[in-house]
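Tertiary structure, described
Chain by chain, the residues:
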Amino acid sequence: MSLTIGDKLPNLTLAASGGKTVSLAKDYKGRKLVVYFYPKDNTPGCTVEGNEFTALYAEFAKAGADIVGVSKDSVKSHDNFCTKFGFPFLLLSDADEAMCNAFGAIVEKSMYGKKYMGIDRCTFVFDAKGKLARDWRKVSAKGHAAEVLEAAKAL
C-alpha cells in the first residue's frame, strides 16, 4: 500500500521518543504535519536529515507544521538519538512496520549485491485537514528539509 496525494493521514498509534505515545490522526488534528521516514538512528545520512529539520524547526512551527521522524528503531534508540543531537521533534518507533507499510515506505534495497527490504528515505506533508499534500521518494538527506519547509509554508 502507498499513499497518494489527497489521501487522509492514517489513524495509527505508535510509541515515540520521550516516553510518549502518538495517535497521528488525533494528536495532529488541525495542524500541518511533516512525516519523514529514515533508515536508522545514528547513521550519517539520517543524522544530516535530523539536524537539518532541527535547524529549521522554528520556521516549521511558524508555518504551523509539526514534524515527526519514523524508523524501525526502538524508543530507547530514538531517545539516545534525540538526546545526542538535540532533536526538538518526536521520533516514532515502527518496529512492526505498520506505519512504514501504510505509507509505502518499505522497499527492496541492495547492498554489496545482497537484496533486502528496508526503509526508503521519504517524506510526506499533510495539510491542516489531514490530507496528503506533497510527498518525496528516494530522498537525498542534504538540503531536503529546506524543500519540505517551502512546501509546508505554501499550504
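Pairing geometry for strand β6 (residues 106-111) and strand β7 (residues 114-119), over six bridges, is antiparallel. Counted as the bridge partner of Lys-109 is Tyr-116 from β7. In sequence, β6 turns back onto β7 through a hairpin of two residues, with Tyr-112 there showing a positive phi of about 55°.

Because the α-helix completes a turn every 3.6 residues, residues three or four places apart line up on one side. Among all positions in helix α6 (residues 144-154), only His-144, Ala-145, Val-148, Leu-149, Ala-151 and Ala-152 are buried. Here the buried residues of α6 occupy an arc of 165° about the axis, which is enough to place them on one side.

The next point concerns a nonpolar patch on the surface. A cluster of nonpolar side chains, Met-111, Tyr-112 and Tyr-116, forms an exposed patch at the surface whose accessible area comes to about 410 Å². For Tyr-112, the location among the structural elements is in the loop between β6 and β7.

Below, the discussion takes up the sheet that holds strand β4 (residues 65-71). The strand order across the open sheet built from seven strands is β2-β1-β5-β4-β3-β8-β9, with neighbouring strands paired in mixed fashion. Where the open sheet ends on each side, the last strands, each with one partner, are β2 (20-23) and β9 (132-136). Averaged over all adjacent pairs, the angle separating strand axes in this sheet is 30°, with direction ignored. Examined bridge by bridge, strand β1 (residues 13-16) and strand β5 (residues 90-93) share two bridges and lie antiparallel to one another. What sits directly across from Ala-16, in β5, is Leu-92. Running over the sheet, α6 touches β3 (32-37), β4, β8 (122-126) and β9 and is turned about 165° from β9.

What counts and what doesn't
- Within every chain, residues take consecutive numbers counted from 1 along the sequence as written.
- Totals for whole chains, interfaces and linings use every residue, but because this is a predicted model, local features are given only for residues with pLDDT of at least 70 and side-chain atom pairs only at 80 or more, for both listing and counting.
- In computing side-chain values, all of the structure's heavy atoms are included and hydrogens and water are not.
- Two strands qualify as a pair provided that DSSP identifies no fewer than 2 bridges between them.
- Put simply, DSSP H or I for four residues or longer makes a helix, DSSP E for two residues or longer makes a strand, and each gets a number counted from the N terminus.
- Throughout this description, buried means an accessible area under 20% of the type-specific maximum (1.4 Å probe, protein chains only), exposed means over 50%, and partly exposed covers the range between.
- Picture the helix axis, draw a direction to every C-beta atom, and the arc is the one those directions span.
- By definition, no residue in a patch forms a salt bridge, and every one has over 30% relative accessible area; like charges are joined within 9 Å, nonpolar side chains (Val, Leu, Ile, Met, Phe, Trp, Tyr) within 5 Å.
- Using the Shrake-Rupley algorithm and a 1.4 Å probe, accessible areas are obtained, with residue cover drawn only from the displayed protein chains.
- Here, a salt bridge means any Lys or Arg side-chain nitrogen found within 4 Å of an Asp or Glu carboxyl oxygen.
- Comment: axis = line fitted to C-alpha atoms, over the contacting stretch for helices; angle = value between 0 and 180 degrees taken between N-to-C directions.
- By definition, residues are in contact when any of their heavy atoms lie within 4.5 Å.

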